[in-house]
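# Examining the three-dimensional arrangement
So the chains spell out like this:
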Amino acid sequence: MSKIKNIYAREILASGGAPSLEVTVTLESGSIGEASVSYGASAGSKEATVLLDGDKARYGGKGMLNAINNINTTIKSALVGMEAVEQRVIDNKMIEIDGTINKAVLGGNAMLGVSLAVCRAQADEEKMPLYKYLRKVYGIGEIGWKLPKPMIVMIEGGKHADETTDLQEFMVGAMGNKTASENVRMEMEIYDALKKILKAEKLSTNVGNEGAFAPNGIASNEKPMEYLVAAITNAGYIPGVDAGVGIDAAASEFYNEETKKYELKLEGKELTSEELIAYYKPWIEKYPIATMEDMLSEFDWDNWPKMVEAINGKFPLIADDLTVTNVKLWAKAIEIKAATAILIKLNQAGTLTETMDCCLLANEHNLLSMPSHRGGGETNDTFLVDLAVAVNSAYIKVGPTRGERVCKYNRLMRIEEELRNEQ
Ligand code: PGA
Ligand code: ZN
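First, a word on what this report is: a plain description of the structure on this page. Here the residue index of a chain counts from 1 through its sequence in written order. Written order decides the labels, with chains lettered from A and ligands numbered from 1. pLDDT decides what is reported in this predicted model: residues at 70 or higher carry local features, side-chain atom pairs at 80 or more are listed and counted, and totals for whole chains, interfaces and linings draw on all residues regardless. Processing note: side-chain calculations cover all non-hydrogen atoms of the structure and skip hydrogens and water entirely.

## Here we look at the site of ligand 1
If you check the shell around ligand 1, you find 17 residues, and the closest are Ala41, His160, Arg374, Gly375 and Lys397. Separating an oxygen atom of ligand 1 from a side-chain N or O atom of Glu293 is a distance of 3.3 Å. We call two N or O atoms a polar contact when they sit within 3.5 Å, provided that within protein one can donate a hydrogen and the other can accept it, with sequence-adjacent residues counted only if both atoms are side-chain atoms. Here Lys397 contributes a side-chain N or O atom positioned 2.7 Å from an oxygen atom of ligand 1. In isolation ligand 1 offers 280 Å² of accessible surface; the protein chains occlude 100% of this area. Among the detected pockets, ligand 1 sits in the second largest cavity. Each residue gets one label: Ala, Val, Leu, Ile, Met, Phe, Trp, Tyr, Cys and Pro are nonpolar, Asp, Glu, Lys and Arg are charged, and the others, such as Gly, are polar. When its residues are assigned to classes, the shell around ligand 1 shows 3 nonpolar, 6 polar and 8 charged. Throughout, the term near means that a residue has one or more heavy atoms lying within 4 Å of the molecule or strand in question. Note on areas: Shrake-Rupley with a 1.4 Å probe; residue coverage comes only from the protein chains shown. A cavity here means a set of points on a 1 Å grid, drawn over the protein atoms and nothing else, where a 1.4 Å probe fits but cannot get out; a pocket is an open set with protein on both sides within 12 Å along at least five of seven lines, and a residue lines either one if it has an atom within 4 Å of a point. In this scheme, a molecule is assigned to a cavity or pocket if more than half of its atoms are within 2 Å of the grid points.

## So, the pairing of strand E2 (residues 19-27)
Accessibility here uses a 1.4 Å probe with only protein chains present; expressed as a share of the type maximum, an area under 20% marks a residue as buried, one over 50% as exposed, and anything in between as partly exposed. Strands are runs of DSSP state E lasting at least two residues, helices are runs of H or I lasting at least four, and both sets are numbered from the N terminus onward. In terms of residue burial, E2 counts as a mostly covered element, since 8 of its 9 residues are buried. Two elements, strand E1 (residues 4-13) and E2, share 9 bridges in a ladder whose sense is antiparallel. What sits directly across from Glu11, in E2, is Leu21. The loop that links E1 with its antiparallel partner E2 comprises 5 residues; one of these, Gly17, has a positive phi angle of about 90°. For E2 and strand E3 (residues 32-36), the ladder comprises 5 bridges, and the chain directions are antiparallel. Each bridged residue has a counterpart across the sheet, and for Val25 the counterpart in E3 is Gly33. Following DSSP output, two strands are said to pair if at least two bridges run between them.

## With respect to the coordination of the zinc ion (ligand 2)
Looking at the zinc ion (ligand 2), the protein donor atoms are Asp248 (OD), Glu293 (OE) and Asp320 (OD), and they sit 2.1 to 2.2 Å from it. Counting the intervening residues between successive donors of the zinc ion (ligand 2) yields the motif D-x44-E-x26-D. Separated by 45 residues along the polypeptide, Asp248 in strand E6 (residues 243-248) and Glu293 in strand E10 (residues 289-293) bring together distant segments of the chain. In terms of burial, Asp248 and Glu293 fall into one category: buried. Atoms are scored as donors when they are N, O or S and lie within 2.8 Å of the metal, with 3.2 Å used for Na, K and Ca; no water is included, so coordination may look incomplete.

## Some details on the packing of aromatic side chains
To describe a pair of aromatic rings, one takes the distance between the centres and the angle between the planes. Working definition: rings of Phe, Tyr and Trp (its six-membered ring) pair if their centres are within 6.5 Å, and the pair is stacked with planes under 30 degrees apart, edge-to-face with planes over 60 apart, and tilted otherwise. Within the structure shown, the criterion is met by 7 aromatic pairs. Pairing Tyr131 with Trp145 gives two aromatic rings, centres 5.4 Å apart and planes at 85°, and the pair type is edge-to-face. Of the two residues, Tyr131 sits in helix H4 (residues 130-137) while Trp145 sits in the loop between H4 and strand E4 (149-156), which places them 14 residues apart along the sequence. Among the residues examined, Trp145 registers a relative accessible area of 35% and is labelled partly exposed. Throughout this description, the term charge over a ring refers to an Arg CZ or Lys NZ atom that lies within 6 Å of the ring centre and within 35 degrees of the ring normal. The ring centre of Trp145 lies 3.7 Å from the NZ or CZ of Arg135, which sits over that ring. Positioned above the aromatic ring of Trp301, the side-chain terminus of Lys332 is 4.0 Å from the ring centre.

## Concerning empty space enclosed by the protein
Grid points are joined across faces, edges and corners, and a volume is the space filled by probe spheres set on the points. Scanning all chains against the criterion turns up 3 cavities of 30 Å³ or more. In this structure, the largest cavity spans a volume of roughly 140 Å³. Surrounding the largest cavity, 15 residues form its lining, Ser36, Ser38, Leu346, Glu378 and Leu384 being those nearest its centre. Taken together, the elements giving at least two residues each to the lining of the largest cavity come down to helix H3 (108-125), helix H10 (346-349) and helix H12 (383-390). In terms of residue class, the lining of the largest cavity is made up of 6 nonpolar, 5 polar and 4 charged. One number sums up the size of the second largest cavity: a volume of about 60 Å³. Around the second largest cavity, the lining is made up of 13 residues, and of these Ser42, His160, Glu210, Lys345 and Gly375 lie nearest the centre. For the lining of the second largest cavity, the per-class residue count stands at 1 nonpolar, 7 polar and 5 charged.

## Some remarks on helix H6 (residues 223-234)
Take the number of residues in a helix, subtract one, and multiply by 1.5 Å to get its expected span. Between its first and last C-alpha, H6 extends 17 Å over 12 residues, near the 16 Å set by a 1.5 Å rise per residue. Burial in H6 covers these residues: Pro224, Met225, Tyr227, Leu228, Ala231 and Ile232. Taken down its axis, H6 places every buried residue within 160° of arc, on the same side. For H6, the elements touching its buried residues are E4, strand E5 (169-174), helix H5 (180-200), E6 and helix H7 (273-286). At the C-terminal side of H6, Gly236 shows a positive phi close to 95°. Directions pointing from the helix axis toward each C-beta atom define the arc. Residue contacts are counted whenever heavy atoms from the two residues lie within 4.5 Å of one another.

## Quick look at the pairing of E10
The two faces of a sheet get side chains in turn, since along a regular strand they alternate between them. With 5 of 5 residues buried, E10 is to be regarded as a mostly interior element. Here E6 runs beside E10; their pairing, made up of 4 bridges, is parallel. Among the inter-strand pairings, Val245 is bridged to a residue of E10, identified as Ile289. By definition, the crossover connecting two strands over a helix is right-handed if that path, from the first strand to the second, turns clockwise as seen with the strands pointing away from the viewer. Remark: the E10/helix H8 (residues 304-311)/strand E11 (residues 317-319) crossover connection has right-handed handedness.

## Thoughts on the pattern of salt bridges
A pair can form between side chains of opposite charge whenever their charged atoms are brought close. Counted as salt bridges are all cases of a side-chain nitrogen of Lys or Arg within 4 Å of a carboxyl oxygen of Asp or Glu. All chains considered together, the criterion is met by 28 salt bridges. One salt bridge in this structure joins Lys314 and Glu285, with 3.7 Å as the shortest N-O distance. Here Glu285 lies in helix H7 and Lys314 lies in the loop between H8 and E11, a separation of 29 residues in the sequence. Taking the relative accessible area as the measure of exposure, Glu285 reaches 58% and is therefore exposed. With its nearest N and O atoms 2.7 Å apart, the salt bridge here joins Glu404 to Arg402. Judged by its relative accessible area of 9%, Glu404 falls in the buried class. Among the residues examined, Arg402 registers a relative accessible area of 30% and is labelled partly exposed.

As structure tokens, then:
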């Protein structure tokens, strides 16, 4: 056991070129933990607040000095002297001090940075790899190790790439029983095959926010799925057996709350919820789909169960903006059968404990959880990988290129090697 001795935060840069923050927690024993936080480009409205300075003279208002100041003063004075092993108590303490439903006072970014750094400091104290310490501190018993499969964003549009497609992400999810490193290799071979297909189609192979291809001139919202199936085949794998297609529509971004219609600009369509579900329906039969995510808006709760019915158990429907890693919203989604899986983003929740509670609730109900990177500002922190390993998540969703993405896959392969060497 060791008490928190010091907490220190600093401003760093995230992948989009705007600031984020990094926290160092030091324990009385000398153990140290560091963590940085990411944030989204197409964030859900109920996510924990990313507290920004709003001072237009610095980074166009996107500085994080206020959040950093909250860490270095209020949070530090409240937490110094607490036992670092008491993760849940520490997170609850910050929630209590903040006192708002969306972490608007201290900032979810400030709270999360501290929460994660405390956890790493205690893992260091106990000389345990983070994924093992996470199991210990949250009382996850012996459930074996089942490493998450990569769900890699291959083509991106929407808010991530100047709306080249209305739907935000087209992914490839590994299927079958390969090892993590074999899955990574397969996915990157598929990515390479996709590059050749796009080139042959005279489409650009420049990449968007998440390191996926983001070409202008894609003919329809369906076309990327054809490309992905062809890429899986061309790389020498079997669609639907070795790898399937994942779609994140991020539909809140093209939903008009006033007209209650979905605006598919690429195809000049305005669809009601029922019409949008009917628009998706042929894809469910036609493509080897692994998962679908946010196919309807976060403001369209009533229609989500109809989408679950349309999928009819063929694959999971993942909630992202709908549930924003909030255990109450996730419990509601499970209860009314609005979704059958949850995307996990640490900064949506704003503390580690609240994030873990969402994963554990998914496990209780035998539902899939998928820890994810962020499209706006991602950092080199790999916490989400250890988290996914700790709770046996089925997938991690991370982009294929750019250092802040590939570090996650490198961490996954390293964990696999560590676990293999133990046997
Ligand atoms: P974001 O989007 O991180 O940019 O909000 C990613 C997603 O919707 O999954
Ligand atoms: Zn999403």
